Amino acid sequence: MSDRYSQVVNAPVVSTVAKQLGLPQPVELDRYKAGAPVVSGRVLSGAAPGGRLGRALSAFLDQVKAERAGTEGPAKALLFDATGIADSSELVELQRFFYPAVGRLQRSGRIVVLGTPPAEAGSPRAATAQRALEGFTRSLGKEVGGKGSTAQLVLVEPGAEDELASTLRFLLSPRSAYVSGQVVRIGPAVAAAPGIDWDQPLAGKLMLVTGASRGIGEAIATTLRRDGAELVLLDVPALSADLKAVAQRLEAETIELDITAEDAPAQIAERLSGGVDVVVHNAGVTRDRTIAKMPEERWSSLMEINLSSEERINDELLDRQLLRPNGRIVCVSSMSGIAGNSGQTNYATSKAGVIGMVEAMAPELAKRKATINAVAPGFIETQMTAAMPIAPREAGRRLSSLSQGGLPVDVAETIAWLASPASTGVNGNTVRVCGQNLLGA
Ligand code: NAP
């Protein structure tokens, strides 16, 4: 779906006028290309005194063969270990590192600040200072977004120092093009994940993707396949031809059924009777109306598709012990489930429920050596958003730090990170893929 505004406002001559008028000028975001390094440029790293991640970060930068930045010159990524900050008076360490560094950040640059979950910081003073990192990082995302750059906060639980690799590979690379202003929590590994092939991290893993015949679901399937996964793709029988075409391209198997059917969980479980590594709950619908005009059928049919069927499928697969060790459940929520949206009480309820499901099930999944997480897309360029009236469509695109809509592949890359066997310390998170949209931020 073309973003005409971006094309026009960045054209020669118009660009100068747009700058003078202060209009948003979205830059073209770097996106992952096969064979590209994790960071296409130099990495500038720093730490507050007393940080506990120095060894792990240095090992990570060696592993990805990152070129280190010196005291001058451009940097593609800024990495700061803030775990040593134990008092509000020490927050000035952020200013000391970023004041001279941020001007060196290149376009589509990456910033990652690492901290400790406040509840585990050890004292009220330390918890206060660690909580403060969120305001800093979110503001930084808004300051650098105009250059297509992003900023995230990664909270590393004590004991999870060796679980950083898959998350940093994602957040420092162009794979996270449309993710900004997020707080990601990493805990100890739920399962061992030895010997990852970082070019094909999903090789040998069987994955179910629902709603896979088009849009975001098709992009998810394509990206998971690129990373080596074997796929089972599901969609409604009415989309049989589209589903088959996607499946043929990706050498995948198909399941044609309505996930709300009474026997759907059992049918899916039977097709996955040998076990499954990753379940991606992507199928979803909107049935917009304000609550004053919302018939019960419109409410209930949406809730069945977007939330209740996912709960039933999860229960069936878990009851039959079909989710394999180091398994994953990844759900597609929505920014509406966080921010709310007029005319979407039913949709936002279902998508907030998805987040609730993720948070409630994470401890149980960890006991089973598996994880559950969600992504919450904002404005993504799909057929659905192309059909919106122009005013809300333009608002959806521009009211974000990156001043543009995301692409289905941006959601897919985020899911591929969460699905990776190396993301074994990432559990119970909901990560927005919204370009740091201002709604619900
Ligand atoms: P889409 O193009 O409508 O694709 C969703 C797919 O799920 C369709 O093929 C749809 O088939 C299928 N589906 C619907 N009900 C089903 C059922 N009962 N059983 C099996 N399959 C069913 O939507 P999309 O834009 O790619 O969105 C994918 C997910 O992202 C959804 O969960 C959506 O809520 C979420 N999301 C999207 C955006 C965005 O900007 N596009 C933003 C936030 C969140 P039908 O033809 O029957 O509907």
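Residues numbered from 1 in each chain as written. Predicted model: local features only at pLDDT ≥ 70, side-chain atom pairs only at ≥ 80, totals over all residues. Heavy atoms only, no water.

Draft legend 1. Just the domain arrangement of the protein chain, in detail. Domain boundaries in the protein chain define domain 1 (31-186) and domain 2 (206-433). Computed from C-alpha coordinates alone, the two centres of domain 1 and domain 2 are separated by 28 Å. Facing 21 residues of domain 1, the contacting portion of domain 2 comprises 26 residues. Of the roughly 1,900 Å² buried where domain 1 meets domain 2, counting both sides, 56% is carbon and sulfur surface. The tally of links from domain 1 across to domain 2 stands at two salt bridges. Of the charged contacts, one joins Asp410 and Arg31 as a salt bridge, the two residues approaching to 2.8 Å between their closest N and O atoms. (Domains from an automatic or database assignment. Contact = heavy atoms within 4.5 Å. Buried area = accessible area lost by both parts, 1.4 Å probe. Salt bridge = Lys/Arg side-chain N within 4 Å of Asp/Glu carboxyl O.)

Draft legend 2. Looking closely at the site of the ligand. Taken together, the neighbourhood of the ligand is formed by 28 residues, with Arg214, Ile216, Asp235, Asn282 and Tyr347 sitting nearest. A distance of 2.8 Å separates an oxygen atom of the ligand from a polar atom in the backbone of Ile216. Taking Asp235, its side chain carries an N or O atom lying 2.8 Å from an oxygen atom of the ligand. Computed on the free molecule, the ligand has an accessible area of 880 Å², of which 89% lies beneath the protein chains in the complex. (Near = heavy atom within 4 Å. Polar contact = N/O pair within 3.5 Å; in protein donor to acceptor, adjacent residues only side chain to side chain. Areas by Shrake-Rupley, 256 points an atom, 1.4 Å probe, with all protein chains shown as cover.)

Draft legend 3. Region of interest: empty space enclosed by the protein. Taken as a whole, this structure holds one cavity of 30 Å³ or more when the rule is applied. Reported here for the largest cavity is a volume of approximately 50 Å³. Every residue lining the largest cavity is listed: Asp30, Val38, Val39, Ser40, Lys76, Ser108, Arg110, Leu172, Ser173 and Pro174. (1 Å grid on protein atoms, 1.4 Å probe; cavity = no way out; pocket = protein on both sides within 12 Å on 5 of 7 lines; lining within 4 Å. Points joined across faces, edges and corners; volume = space filled by probe spheres on them.)

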